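Here's the letter readout for the chains.
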Amino acid sequence: MTKPSILIDGKPIPFTEGQTIMEAATMAGVYIPHLCHNPEFEPHGSCKLCTVKVNGRNCSACTFPAADGQEVLNDTAELNELRRTITQLLFVEGNHLCPSCEKSGNCQLQAAAYFLGMADAHYPFFYPKRELDASHPDILLDRDRCIFCALCVRASQDADGKNVFAIGGRGIDSNLIVNSPTGKLADTPIAAADKAAQVCPVGAILVKRRGFEVPIGERIYDKHTLAEESLEREEPIMESQHG
Amino acid sequence: MAEKLTVATTSLAGCFGCHMSLLDIDERILALAEVASFDRSPLTDIKHCGDKVDLGLVEGGLCNAENVHTLREFRQHCRILVAVGACAINGGLPALRNHIELEECLAESYLDGVGVENPQIPNDVELPLLLNKVHPIHEVVKVDYFLPGCPPSADTIWKFLSDLAAGREPSLPRELIHYD
């Protein structure tokens, strides 16, 4: 029996039963932009950057199951414009000041914006007031840069078994909260080697005393596009999961 | 010879880093001088825009009433207005004060700060009033193009200017888009 396949932008992409569109695409070397998705964790489907058109309807590629014969549109002007708009909204809803951020050049939000050709944030800035937590001796939590991808939440629960983080609040008052009596990171069991301390795609959770180990201009997305780096990092993970 | 492109520049709440980056185009400035002449700019010391300016390059965001006044003059006189650099685009470094009450900022700088002598908040009528928050320029006027970077590199500025001078729609390749 031939393997079932979907069409992404007219190109046949084989998949195995149970895979999402994102998984099938990644394994075939087709990049679908995403921020909250990381193949090491259960898909979250919240950032909506991976929105694709499946048989004419907008769906999140990271959660939508592939089905034989699906026609998927991914790299189209319309979808990329939508993704750019989502990225611009992320920029105005937080305080993303790249020139003073240690993550600049290694940041997936910035790299997504580069990839989508974003020159400005277009919308009025909210400049929300968010609390910095520098209480932990080894880890800095800078909520200004949080995009609520919940990767730290998932990593802390699923990989570290510690349940340190959660997302609280609604809308512009959304807030990355810390599970300790004081609400401070220092009073949780999190450690610098934990997955939750490493997984942040932006500069919200940083391991201390590593600032400028790699100079600006020499960093990941100074040299590679998010598409290149993402496929290179995620394809082997998918391979090991699905063979 | 076709008429030269007139260019005006200003630094609002900026650090002049973007102007320095413009000068970093080095000897290419000679080629620029062939096709462009400067109108109002710190480089010419002309204080107000002429009637017809083709291109206005605005560095810096808006932190006081004079910034807003200058920006509006630029928009009124410039056919094409460009936000140059992080501060013009998102407020940049000066916008870090947006999380602190203005009164607290002034008190820290002029009343309670370390080493302050004769503490008083400056209040001369000549001084423009501070805005409550720092704003990027697109929140006040229509902006035609954005050149990101802190500062945008000389190559970025050059690519934009040479596209425009050659009558091409300016566009930046991926390598020239940086926010840091």
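Residues numbered from 1 in each chain as written. Chains lettered and ligands numbered in written order. Predicted model: local features only at pLDDT ≥ 70, side-chain atom pairs only at ≥ 80, totals over all residues.

### Considerations on the overall build of chain A
Scanning chain A for helices and strands turns up seven helices and ten strands. Taking 243 residues into account, the globule formula puts the C-alpha radius of gyration at 18 Å, and chain A, at 18 Å, falls close to it. With the C-alpha coordinates of chain A rotated into their principal frame, the extents come out at 55 × 40 × 35 Å. Each of the 243 residues in chain A was classed as buried or not, and the buried ones make up 44%. Pairs at least 24 residues apart make up 66% of the contacts formed inside chain A by residues separated by at least 6 positions. (Helix = DSSP H or I, 4+ residues; strand = E, 2+ residues; numbered from the N terminus. Rg over C-alpha atoms; globule rule 2.2 N^0.38 Å. Buried ≥ 20, exposed ≤ 12 C-beta atoms within 10 Å, placed from the backbone. Contact = placed C-beta atoms within 7 Å.)

### As for the overall build of chain B
Each helix and strand counted, chain B has six helices and seven strands in total. Listing every helix and strand of chain B by position from the N terminus yields β-α-α-β-β-β-α-β-α-α-β-β-α. Computed over the C-alpha atoms, the radius of gyration of chain B is 18 Å, within 12% of the 16 Å expected from 2.2 N^0.38 for a compact globule of 180 residues. The dimensions of chain B, computed from C-alpha atoms along their principal axes, are 60 × 35 × 30 Å. Taking as baseline every contact in chain B between residues at least 6 positions apart, the subset at least 24 positions apart corresponds to 78%.

### Regarding unusual backbone geometry
Between Cys150(B) and the following residue, Pro151(B), the backbone shows a cis peptide bond with an omega angle of -5 degrees. Among the secondary structure elements, Pro151(B) is positioned in the loop between β7 (145-147) and α6 (154-165). We note that Asn55(A) has phi near 45 degrees; this positive angle belongs to a residue other than glycine. Residue position: Asn55(A) is located in the loop between β3 (51-54) and β4 (57-60). Residues other than glycine seldom take positive phi values, yet Asp26(B) does so here, at roughly 55 degrees.

### What to know about helix α2 (residues 77-93) of chain A
One turn of the α-helix equals 3.6 residues, which is why residues spaced by three or four share an orientation. All names here are of chain A. With 17 residues, α2 should cover 24 Å at 1.5 Å per step; its first-to-last C-alpha distance of 24 Å lies within 8% of that length. Of the residues making up α2, those classed as buried are Arg 83, Arg 84, Thr 87, Leu 90, Phe 91 and Glu 93. Those residues of α2 that are buried are in contact with β3 and α3 (108-115). (Expected span 1.5 Å × (residues − 1).)

### Description of the pairing of strand β1 (residues 5-11) of chain B
All names here are of chain B. Where burial is concerned, most of β1 is hidden: six out of the seven residues are buried. As defined by bridge partners, β1 adjoins strand β3 (residues 53-59) across five bridges and the pair is classed as parallel. Paired with Thr 10 across the strands is Val 58, a residue of β3. (Pairing = 2+ DSSP bridges.)

### Some thoughts on helix α7 (residues 226-242) of chain A
All names here are of chain A. In this model, α7 (17 residues) spans 23 Å end to end at C-alpha, consistent with the 24 Å of a helix rising 1.5 Å per residue. At Glu 234, α7 shows its strongest bend, of approximately 25 degrees, with the proline Pro 236 following within four residues. Against the buried residues of α7 lie α1 (21-27), α3 and α6 (220-223). (Bend = angle between axes of the 7 residues up to and from the residue.)

### Some remarks on the pairing of strand β1 (residues 5-8) of chain A
Residue and element names in this part refer to chain A. Side chains Ile 6 and Ile 8 of β1 all project onto a buried face; the interleaved residues Ser 5 and Leu 7 project onto a face where none is buried. The pairing of β1 with strand β2 (residues 11-14) spans four bridges and is antiparallel. Residue pairing for β2: Leu 7 is matched across the bridge by Pro 12. Adjacent in sequence and paired antiparallel, β1 and β2 are bridged by two residues, among which Asp 9 carries a positive phi angle near 50 degrees. As judged from the two bridges shared by β1 and strand β5 (residues 71-73), these two strands associate in the parallel manner. Bridged to Leu 7 within β5 is Glu 71.

### Some remarks on the sheet that holds strand β7 (residues 139-142) of chain A
Residues and elements named next belong to chain A. Strand order in this open sheet of three strands is β6-β7-β10, and the pairing throughout is antiparallel. Sheet topology places β6 (132-133) and β10 (205-207) at the edges, where each strand pairs with a single neighbour. By the bridge criterion, two bridges tie β6 to β7 in an arrangement that is antiparallel. Paired with Asp 133 across the strands is Leu 141, a residue of β7.

### Thoughts on the sheet that holds β1(A)
Across a sheet, strands are paired by hydrogen bonds formed along the backbone, either parallel or antiparallel in direction. All names here are of chain A. Across the sheet, five strands lie side by side as β2-β1-β5-β3-β4; this open sheet has mixed pairing. Across the chains shown, the open sheet's two edge strands, defined by having one partner strand only, are β2 and β4. With strand direction ignored, the average angle separating the axes of adjacent strands in the sheet is 35 degrees. Relative to β4, β3 runs antiparallel, the two sharing four bridges. When the sheet's bridge partners are listed, Val 54 is paired in β4 with Arg 57. Those strands touched by α2 are β3 and β5, and its axis lies near 150 degrees from that of β3. (Axes fitted to C-alpha atoms, helices over the stretch in contact; angles between N-to-C directions.)

### Some remarks on the confidence of the model for chain B
Summary statistics for chain B give a mean pLDDT of 95 and a share of 99% for residues scoring 70 or more. What the predictor reports for the complex is a pTM of 0.95 with an ipTM of 0.93. (pLDDT = per-residue confidence, 0-100.)

### Some words on the domain arrangement of chain A
Residues and elements named next belong to chain A. Taken domain by domain, chain A consists of domain 1 (5-82 + 225-242) and domain 2 (97-223). Taken together, the 15 residues of domain 1 in the interface contact 17 residues of domain 2. Top contributing element to the side of domain 1 that touches domain 2 by residue count: α7, with three residues. Considered class by class, the residues forming the side of domain 1 that touches domain 2 number eight nonpolar, five polar and two charged. (Domains from an automatic or database assignment. Nonpolar A, V, L, I, M, F, W, Y, C, P; charged D, E, K, R; others polar.)

### With respect to the nonpolar core
Among the nonpolar cores identified, the biggest contains 108 residues, and Ile21(A), Ala25(A), Ala61(A), Cys152(A), Val58(B), Val82(B) and Ala83(B) are the most heavily contacted of them. Counting contributing residues, this core receives three or more from each of domain 1 (5-82 + 225-242) and domain 2 (97-223) of chain A. Residue contacts for Ile21(A): discarding those within four places in its chain leaves Ile6(A), Val52(A), Ala61(A), Phe64(A), Ala66(A) and Val72(A). (Core = buried A, V, L, I, M, F, W, Y, C linked by C-beta atoms within 7 Å.)

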